[in-house]
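As a plain string of letters, each chain reads:
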Amino acid sequence: AQKITQTQPGMFVQEKEAVTLDCTYDTSDPSYGLFWYKQPSSGEMIFLIYQGSYDQQNATEGRYSLNFQKARKSANLVISASQLGDSAMYFCAMREEGGYSTLTFGKGTMLLVSP
Amino acid sequence: ETGVTQTPRHLVMGMTNKKSLKCEQHLGHNAMYWYKQSAKKPLELMFVYNFKEQTENNSVPSRFSPECPNSSHLFLHLHTLQPEDSALYLCASSQKGQGLTGELFFGEGSRLTVL
């Protein structure tokens, strides 16, 4: 079974609008971390935001926020005020307590921002 | 400029060739990783090195041979590859000991094409 599921292969959004990228996860560990990465066409994976399973509040980093719903096992990324430079692949990833150092990634969502 | 540098950025090789991918991190991290990114698939973890010691090998075929001479350098030696090995190979580093929160820092990847 997949540990990270991203159900949206592609998303379109107009500049300046907000967009939500979905991510659900599967783990039996009580302690885990969730990450979002952005991959532009250059190939580099850029870290965006982190949410710990015991964090009481949703993580925010500038225009990025993570809508963490623990009971539903979802960790959706919200990008506010989209910019043309936000066009990229976005990956959700998880580190489980037992996995210690490694991240497990989803298949990704391609986001296209139009003028 | 990324703290993780990968060379070459693009590589085309025949099935009988021997080549190597190189990764160098300038972040003072003590863990390094090789990931394989194929089209429409999640990133696949290949190898993990902690303090120059290989700690994970995710059932990777022996035609891929990693080498970590020190904590700043990581190589992936390629020999007798198959066309299905064509992919983007991403190197990453992190600082172990940060528990769940330490993110991975990625290079821009080496795009490999096997003819």
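Refer to the structure presented above.
Since the structure is predicted, the reported quantities are computational estimates derived from the model, not experimental observations. (Residues numbered from 1 in each chain as written. Chains lettered and ligands numbered in written order. Predicted model: local features only at pLDDT ≥ 70, side-chain atom pairs only at ≥ 80, totals over all residues. Heavy atoms only, no water.)

Trainee: Sorry if this is basic, but what is going on with the packing of aromatic side chains here?
Mentor: Working definition: an aromatic ring pair is given by the centre-to-centre distance plus the angle between the planes. Summed over all chains, the structure comprises eleven aromatic pairs over all chains. Taking the centre distance of 5.8 Å and the plane angle of 55° together, the rings of A:Y37 and A:F105 count as tilted. Of this pair, A:Y37 sits in strand β5 (residues 32-39) while A:F105 sits in strand β11 (residues 104-105), placing them 68 residues apart in sequence. Judged on exposure class, the residue A:Y37 and its partner A:F105 are both buried. Ring geometry for B:F64 versus B:Y89: centroids 5.8 Å apart, planes at 35°, classification tilted. (Phe/Tyr/Trp six-rings, centres within 6.5 Å; stacked < 30°, edge-to-face > 60°. Helix = DSSP H or I, 4+ residues; strand = E, 2+ residues; numbered from the N terminus. Buried < 20%, exposed > 50% of the residue type's maximum accessible area, 1.4 Å probe, protein only.)

Trainee: Looking at this model, I keep getting lost on a nonpolar patch on the surface. Mind explaining?
Mentor: Residue and element names in this part refer to chain A. Taken together, the side chains of F12, M110 and L112 define a hydrophobic patch exposed on the protein surface, amounting to about 310 Å² of accessible area. Inspection of the secondary structure puts F12 in strand β2 (residues 10-14). On the basis of relative accessible area, F12 is assigned to the exposed category, the value being 68%. (Patch = residues over 30% accessible without salt bridge, like charges linked within 9 Å, V, L, I, M, F, W, Y side chains within 5 Å. Areas by Shrake-Rupley, 256 points an atom, 1.4 Å probe, with all protein chains shown as cover. Salt bridge = Lys/Arg side-chain N within 4 Å of Asp/Glu carboxyl O.)

Trainee: What's the story with the interface of chain B and chain A in this structure? I'm lost.
Mentor: Facing 26 residues of chain B, the contacting portion of chain A comprises 24 residues. Of the roughly 1900 Å² buried at the junction of chain B and chain A (both faces included), carbon and sulfur atoms supply 57%. For chain B, the biggest contributors to the area lost against chain A are B:P42, B:L100 and B:F106; these three give 30% of the whole. Across the chain B-chain A interface, the total number found is zero salt bridges. The interface formed by chain B and chain A contains four residue pairs in polar contact (both at pLDDT 80 or more). Among the elements of the structure, β4 (31-37), β5 (44-50) and β9 (87-94) of chain B are those that each provide at least two residues to the side of chain B that touches chain A. Along the lines of polarity and charge, the residues of the side of chain B that touches chain A split into eleven nonpolar, eight polar and seven charged. (Contact = heavy atoms within 4.5 Å. Buried area = accessible area lost by both parts, 1.4 Å probe. Polar contact = N/O pair within 3.5 Å; in protein donor to acceptor, adjacent residues only side chain to side chain. Nonpolar A, V, L, I, M, F, W, Y, C, P; charged D, E, K, R; others polar.)

Trainee: Is there a simple way to explain the layout of surface pockets in this structure?
Mentor: With a probe scaled to a water molecule rolled over the atoms, the places where space remains empty come into view. Residues and elements named next belong to chain A. Space inside the largest pocket adds up to approximately 530 Å³. With three residues, strand β10 (residues 88-96) is the single largest residue contributor to the lining of the largest pocket. By residue class, the composition of the lining of the largest pocket is eight nonpolar, eleven polar and six charged. (1 Å grid on protein atoms, 1.4 Å probe; cavity = no way out; pocket = protein on both sides within 12 Å on 5 of 7 lines; lining within 4 Å. Points joined across faces, edges and corners; volume = space filled by probe spheres on them.)

Trainee: What am I meant to see in the environment of B:F75 here?
Mentor: Residue and element names in this part refer to chain B. Here F75 shows up in strand β8 (residues 73-79). Separated by 68 residues in sequence, F75 and T7 place their C-alpha atoms 9.8 Å apart. Dropping the residues within four chain positions of it, F75 is found in contact with L21, K22, W34, S65, P66, E67 and P69.

Trainee: Honestly, the pattern of salt bridges in this entry has me stumped. Any pointers?
Mentor: Pairs can form between side chains of opposite charge once their charged atoms are near each other. With the rule as written, the count across this model stands at five salt bridges over all chains. When the shortest N-O distance is used, the salt bridge between A:K3 and A:E96 registers 3.2 Å. In this pair, A:K3 sits in the segment before β1 (4-5) while A:E96 sits in strand β10, placing the two residues 93 residues apart along the sequence. According to the relative accessible area criterion, A:K3 is partly exposed, its value standing at 33%. For the salt bridge of B:E108 with B:R9, the shortest nitrogen-to-oxygen distance reads 3.0 Å. Residue B:E108 is found in the loop between β10 (105-106) and β11 (110-114), and its partner B:R9 is found in the loop between β1 (4-7) and β2 (10-13); the two are separated by 99 residues along the sequence.

Trainee: I'm lost on the sheet that holds strand β3 (residues 18-25) of chain B in this one. Help?
Mentor: Residues and elements named next belong to chain B. Taken together, four strands build an open sheet; the order of strands is β1-β3-β8-β7 and the sheet is antiparallel. Because the sheet does not close on itself, it has two edges, and the strands there are β1 and β7 (64-70). Strand-to-strand twist of the sheet, defined as the mean angle between neighbouring strand axes without regard to direction, takes the value 15°. Both β7 and β8 contribute to a ladder of five bridges, which runs antiparallel. (Pairing = 2+ DSSP bridges. Axes fitted to C-alpha atoms, helices over the stretch in contact; angles between N-to-C directions.)

Trainee: For this particular structure, what's the right way to read the state of the cysteines?
Mentor: Disulfides are covalent bonds that link the sulfur atoms of two cysteine residues. This structure, assessed with the given rule, holds two disulfides over all chains. Between the sulfur atoms of A:C23 and its disulfide mate A:C92 the distance is 2.0 Å. Judged by the sign of its S-S torsion, about -65°, the cystine formed by A:C23 and A:C92 is left-handed. Of this pair, A:C23 sits in the loop between β3 (19-21) and β4 (24-25) while A:C92 sits in strand β10, placing them 69 residues apart in sequence. With a sulfur-sulfur separation of 1.9 Å, B:C23 is cross-linked through a disulfide to B:C91. Taking the sign of the S-S torsion, about -75° here, the bridge from B:C23 to B:C91 comes out left-handed. (Disulfide = S-S within 2.5 Å.)

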